[in-house]
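Coordinate inspection notes
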Amino acid sequence: VGHEPGNTVVGVEGAQAVPPETPTKNPASPSGEGAGEHGDQHHEHEEASEQDVHISEEEREIALFAKEDLVRFGCEFAEIDEKLRFSQRWDERQQLLYELRDSAIKTDPRVLRTLRHVARNDDNVNLRLQAAEVLIHVGLQGIPEQIWLLSHEHWHTRLDALTTLERGAEADDEGVLAAFGTTLLDSSATVRERAIKVLITLAIKRKKELRAGEKVHRFPEFVVYRLLERLQDTDSKVRQTAIDGIVEVAVEGDSYIIQALAEKMQSDSAPIRKSGTEAMQRLALKFNEVESKELR
């Protein structure tokens with residue numbers, strides 16, 4: 001990292017601090033030129049002290065983790081970082097990710113930085129997914145990181161993030177569900193279809209984790225409305241998957257779903273009418289089966 005002559009380089013490991021140039025005099029100071037010069041020097045000294053404290057705290061934190069590198073990894077972490085970024089062997093990178101999952105100290109900032117890099121940039125899609133999963137395991141910032149990736153410019157990265165969230169997110173995480181509600185409007189039909197399938201997975205998972213006293217779990221209405229909108233999607237696969245999703249998330253008493261489906265059944269568009277009719281028929285079967293079980 002380069003620097004202009006006379007400036008102090010701060011926060012770069014191994015950089016040497018260059019003494020600041022002589023401060024300019026301040027003729028406008030009430031105390032005259034001497035007071036202005038002294039005041040500027042005092043102010044710069046305070047700033048330098050604060051920066052030194054900041055640097056020492058950051059270095060102390062890294063040193064704390066680095067002390068255990070040989071015990072945890074058998075080498076310095078810098079070696080692992082270099083191999084994960086530049087090794088041409090995907091199997092070696094995969095093994096290193098496994099080792100990080102098992103051995104890394106949670107929230108180690110060096111590990112998190114490396115995992116983020118691999119999750120975003122590795123050429124191997126499976127390794128990107130694996131790195132994202134390890135990121136969730138070793139750092140509390142994993143889930144927000146994947147939610148952020150749902151808005152990535154490349155559709156395959158958004159698809160990777162959906163798969164990672166499917167495996168790592170809690171079924172009732174409102175932040176995740178809100179992100180999925182937005183992803184149902186994604187420009188890619190592949191991503192829209194995948195988002196619906198992930199919602200189905202979370203709905204099934206949530207049913208298995210009903211809290212004490214709960215009989216059913218209801219998804220947020222705005223997410224279900226977005227799902228209902230996919231019945232008029234231009235892609236036939238998305239429409240069919242949306243039918244599966246509505247049947248899975250709907251519970252008895254969701255009158256707004258029945259009303260929305262009835263409106264779809266009256267649409268001028270044949271594909272929309274077909275989707276609305278099939279969803280209504282399958283819901284009727286589902287609710288009849290539930291009622292029959294309760295009567296038994």
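Definitions and limits used
Residues numbered from 1 in each chain as written. Predicted model: local features only at pLDDT ≥ 70, side-chain atom pairs only at ≥ 80, totals over all residues. Heavy atoms only, no water. Helix = DSSP H or I, 4+ residues; strand = E, 2+ residues; numbered from the N terminus. Buried < 20%, exposed > 50% of the residue type's maximum accessible area, 1.4 Å probe, protein only. Contact = heavy atoms within 4.5 Å. Phe/Tyr/Trp six-rings, centres within 6.5 Å; stacked < 30°, edge-to-face > 60°. Core = buried A, V, L, I, M, F, W, Y, C linked by side-chain atoms within 4.5 Å. Salt bridge = Lys/Arg side-chain N within 4 Å of Asp/Glu carboxyl O. Arc of directions from axis to C-beta. pLDDT = per-residue confidence, 0-100. Axes fitted to C-alpha atoms, helices over the stretch in contact; angles between N-to-C directions. Left-handed = near helix turned anticlockwise from the far one by under 90°. Nonpolar A, V, L, I, M, F, W, Y, C, P; charged D, E, K, R; others polar.

1. Examining the side chain of D160
If you trace the backbone, D160 turns up in helix α8 (residues 155-168). A relative accessible area of 12% places D160 in the buried class. When near neighbours in sequence (up to four residues on either side) are disregarded, D160 contacts V125, R128 and L129.

2. Points about the packing of aromatic side chains
For any two aromatic rings, the description comes down to two numbers: the centre-to-centre distance and the angle of the planes. Applying the stated criterion to the full structure yields 2 aromatic pairs. Ring plane angle 50° and centroid distance 5.9 Å describe the contact between F73 and F77, whose orientation is recorded as tilted. This pair shows no difference in class: F73 is buried, exactly as F77 is. Geometrically, the ring pair formed by Y225 and Y256 is tilted, given 5.1 Å between the ring centres and 45° between the ring planes. Highlighted residues: Y225 in helix α11 (residues 221-229) and Y256 in helix α13 (residues 255-265), separated in sequence by 31 residues.

3. Describing the nonpolar core
In terms of nonpolar packing, the biggest core is built from 43 residues, with F180, L202, F219, L228, I257 and L261 touching the most fellow members. Of all the secondary-structure elements, those providing two or more residues to this core are α7 (142-149), α8, α9 (174-183), α10 (189-208), α11, α12 (236-249), α13 and α14 (270-295). Among the elements that make up this core, the one with the highest residue count is α10 (8 residues). Aside from chain neighbours lying at most four places away, what touches L261 is L228, L231, G276, A279, M280 and L283. C75, L96, A119 and A132 belong to the second-largest nonpolar core, a separate cluster that totals 20 residues.

4. A word on the pattern of salt bridges
A complete count under the given rule lists 13 salt bridges for this structure. D81 is the partner of R85 in a salt bridge, and the nearest nitrogen-oxygen pair spans 2.9 Å. Of this pair, R85 and D81 both sit in helix α3 (residues 77-86), separated by 4 residues, roughly a single helical turn.

5. Focus on α3
Turning to α3, its buried residues are F77, I80, D81 and L84. The buried residues of α3 all sit within an arc of 100° when viewed along its axis, so they share a single face. Looking at α3, the residues exposed on the side facing more than 90 degrees away from the buried face are A78, E82 and F86. Among the structural elements, α2 (69-73), α4 (90-103) and α5 (109-121) are those in contact with the buried residues of α3.

6. Overview of the confidence of the model for the protein chain
This prediction gives the protein chain a mean pLDDT of 77; 73% of its residues lie at or above 70. In the model of the protein chain, helix α1 (residues 32-66) stands out as the element of lowest mean pLDDT, 56, in contrast to α12, which has the highest, 96. Counted against residues more than four places away or in other chains, residues 1-35, with its pLDDT under 50, gives 29 contacts. Every residue in residues 48-53 is under pLDDT 50, and counting partners more than four places away or in other chains gives 1 contact.

7. Structural notes on the environment of R110
With respect to the helices and strands, the residue R110 is situated in helix α5. By relative accessible area, R110 is classed as buried at 10%. Placed 33 residues apart in sequence, R110 and F77 show a C-alpha to C-alpha distance of 8.1 Å.

8. Digging into the side chain of E193
Residue placement: E193 occurs in helix α10. Relative accessible area serves as the criterion here: at 17%, E193 is assigned to the buried category. Setting aside anything within four residues of it in sequence, one finds E193 in contact with K237, V238 and T241.

9. Points about the packing of α11 against α12
At a minimum axis separation of 9 Å, α11 and α12 run at an interaxial angle of 150°. Considering how the two elements wind past one another, α11 and α12 form a crossing that is left-handed. Between α11 and α12, the contacting residues are V224, L227 and L228 on the first element and A242, G245, I246 and V249 on the second. When the residues that make up the contact of α11 with α12 are grouped by side-chain class, the tally is 6 nonpolar, 1 polar and no charged.

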